[in-house]
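These are the residues of each chain, in order.
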Amino acid sequence: QVQLVESGGGLVQPGGSLRLSCAASGIIFSISAMNWYRQAPGKQRELVATISGAGSTNYADSVKGRFTISRDNAKNTVYLQMSSLEPEDTAVYYCNAHTIVVTTPKDYWGQGTQVTVSS
């Protein structure tokens, strides 16, 4: 059974920081591309950051220079360090694993964690 469990969301003031974590089980984590998405009220889900199994990263333009994605393969965990947070970053953040099961690509999702940036 595949599980992705996010944690670390909450309420933070503009300019503040948060670190999200996503613990994965039931997948071969080291070969999985891990991604963070977010969805704000009334908007489509958008890709925020991605990290390959080898550690290559990519970011949405809106978060470049403020967010950092990283992974710890020994702990089967991916992180999203968010700094200089803005009200526009308010959203539910979802962890996604893009992996291979036998020979078939699969996508798995966490339940989401709320991030609210407000004074």
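Right, let's walk through the structure included here. Keep in mind that this is a model prediction, so the values were computed, not measured. Residue numbers here run from 1 along each chain, matching the order of that chain's written sequence. Reporting of local features is limited, given that this is a predicted model, to residues whose pLDDT is at least 70; pairs of side-chain atoms are given and counted only at 80 or more, and all residues count toward the totals for whole chains, interfaces and linings. By convention in this description, side-chain values take in all heavy atoms of the structure and omit both hydrogens and water.

## Thoughts on the pattern of salt bridges
(1) Moving on: Think of a salt bridge as a Lys or Arg side-chain nitrogen and an Asp or Glu carboxyl oxygen that are within 4 Å of each other. Inspection of the entire model under this criterion finds five salt bridges.
(2) Moving on: Notably, a salt bridge pairs Asp 89 with Arg 66, separated by 2.8 Å at the nearest N-O pair. One end of the pair, Asp 89, is in the loop between strand E8 (77-82) and strand E9 (91-101); the other, Arg 66, is in the loop between strand E6 (57-59) and strand E7 (67-72), and 23 residues separate them in sequence.
(3) Moving on: Note on Asp 89: relative accessible area 1%, which makes it buried.
(4) Moving on: Burial here depends on accessible area, computed with a 1.4 Å probe over protein chains only, as a share of the maximum for the residue type. Under 20% is buried, over 50% is exposed, and the range in between is partly exposed. Of the residues examined, Arg 66 reaches a relative accessible area of 13% and is grouped as buried.
(5) Moving on: Three or more residues joined by partner-sharing salt bridges are found here, namely Arg 38, Glu 46, Arg 66, Glu 86 and Asp 89. Helical segments are the DSSP runs of H or I of at least four residues, strand segments are the runs of E of at least two, and each set is numbered from the N terminus.

## Some details on the environment of Thr 113
(1) Moving on: By the secondary structure assignment, Thr 113 is in strand E11 (residues 113-117).
(2) Moving on: By relative accessible area, Thr 113 is classed as buried at 11%.
(3) Moving on: Here a polar contact is recorded for every N or O atom pair within 3.5 Å, except that within protein the pair must consist of a potential hydrogen donor and a potential acceptor, and residues adjacent in sequence are included only if both atoms are side-chain atoms. A polar atom in the side chain of Thr 113 sits 3.3 Å from the backbone nitrogen of Gly 9.

## A word on the sheet that holds E8
(1) Moving on: Note on pairing: DSSP must find at least two bridges between two strands before they are called paired. An order of E1-E3-E8-E7 is seen for the four strands of this open sheet, with the pairing classed as antiparallel. The outermost strands of the open sheet, each flanked by one partner alone, are strand E1 (3-7) and E7. Along the sheet, successive strands turn relative to each other by an average axial angle of 15°, direction set aside.
(2) Moving on: Bridge count between strand E3 (residues 18-25) and E8: six bridges; the pairing is antiparallel. Within the sheet, the bridge partner assigned to Ala 23 lies in E8 and is Thr 77. Here, axes are lines fitted to C-alpha atoms. For helices the fit covers the stretch in contact, and angles between N-to-C directions go from 0 to 180 degrees.

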